[in-house]
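Structural overview
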Amino acid sequence: MSRPDAITIGDHRVGAGERPFVIAEVSGNHNGSLERALEIIDAIAESGAQAVKFQTYTADTLTIDAKGPRFQIRAGHELWGGRTLYDLYQEAHTPWEWHEPMFARARERGLTPFSSPFDPTAVELLESLDTPAYKIASAEVVDLPLIRLVASTGKPMIISSGMATLGEIDAALNAARDGGCRDMVLLACTASYPAAPEDARLLSIPTLEQAFGIPIGLSDHTKGIGVSVAAVALGAVALEKHVTLAREDGGVDSDFSLEPAELTALVAETDAARKAVQPPRFGPTESEKDTLALRRSLYVVADVKAGEPVTRENIRSIRPAGGLPTDEIEKVLGRSFATDVERGTPLTWDLI
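Report follows, based on the coordinates. The structure presented is a predicted model; accordingly, all values stated were derived computationally and were not measured. (Residues numbered from 1 in each chain as written. Predicted model: local features only at pLDDT ≥ 70, side-chain atom pairs only at ≥ 80, totals over all residues. Heavy atoms only, no water.)

1. Some words on the nonpolar core
Counting residues in hydrophobic clusters, the biggest one holds 59 residues, and the most contacted among them are Ile44, Met157, Ile159 and Leu263. Considering every element that reaches this core, the biggest residue donor is helix α1 (residues 34-47), with six residues. Counting 13 residues, the second largest nonpolar core, distinct from the first, contains Ile7, Ala51, Ile158 and Ala238. (Core = buried A, V, L, I, M, F, W, Y, C linked by side-chain atoms within 4.5 Å. Buried < 20%, exposed > 50% of the residue type's maximum accessible area, 1.4 Å probe, protein only. Helix = DSSP H or I, 4+ residues; strand = E, 2+ residues; numbered from the N terminus.)

Here you go:
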């Protein structure tokens, strides 16, 4: 069955047969420092990832400063328990004035920068920076007016589907098309932080591709790189992972973020997974020819004279190939050698 057509984001093709499009998410890992944000961008550039992503919001564009139960994260949450939404977003947000130097640094380092907008003012800012694409976060997949506004820019859109039903995903994609977007990537996602591997449900990747006919990726909030590698084997063409300089530095997202060396490994191992997924084929490949010559076969293992009997002492199944198949041993035992044979000669029918 044919795969969906690839799309172009920046200078990169994103789709089946292409190197996985690795999106490194800075998010709140800047820890309130523009200098640190720029250092993270530099580390991402060194990893081989193609893109860096930011989040464009303020606490006031996402929520209001309120302390009621609906505005607080449940007390038992592993990372943010008991905090108000406003307090969390105030700490994690990326100031408007940082965006220009961050986009500039990313471009200087050969990365494709883009961001997730959360309201019309964010779209306006990102358009002023000529962002090449947009990301819609999982919680915003039901904000159809925002999706239509982003789509009206004509830029490619990457849409996360965490928590969404198939009906909600369909509505979001239709809203994007209605708004004018023609190039989309849909990300499978588990919107929990951190996410457990068993909640990743990676078999949704081929299902989503079949259902919607567009390239599918993974927004991965699990720890490590194993789930992302598996996702590529199942057809994911884009991967989003949070990145920090060092988890021990702390920060709102540090617990489930990759460090630079891990991001480098992610880039390499997901590309290896992509290359490894090939149609089934049996029998030796071109690369196996050297090893094929090492298969066991029957060899003369002692100098023998013509007329001597063939015994287990003068023939054996050994490496390399070249002699009779090993299963012929019972047929040749007890026969006589037709000629003198040197030790190390492959046994062939003409010798007996």
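Okay, back to it.
2. Comments concerning the environment of Ala265
Within the fold, Ala265 resides in helix α10 (residues 260-276). Looking at Ala265, the relative accessible area reads 29%, which means it is partly exposed.

3. Concerning helix α7 (residues 166-179)
An ideal rise of 1.5 Å per residue puts 20 Å on 14 residues; α7 measures up with 20 Å between its terminal C-alpha atoms. Buried within α7 are the following residues: Ile169, Ala172, Leu173, Ala175 and Ala176. Looking straight down α7, one finds that the buried residues subtend no more than 155° of arc, so they occupy a single side. Every exposed residue of α7 that faces more than 90 degrees away from the buried side is listed here: Leu166 and Asp178. On its buried face, α7 is in contact with α6 (144-151), β7 (157-160), β8 (184-189) and α8 (204-212). The positive-phi residue at the C-terminal boundary of α7 is Gly180, with phi of around 120°. (Expected span 1.5 Å × (residues − 1). Arc of directions from axis to C-beta. Contact = heavy atoms within 4.5 Å.)

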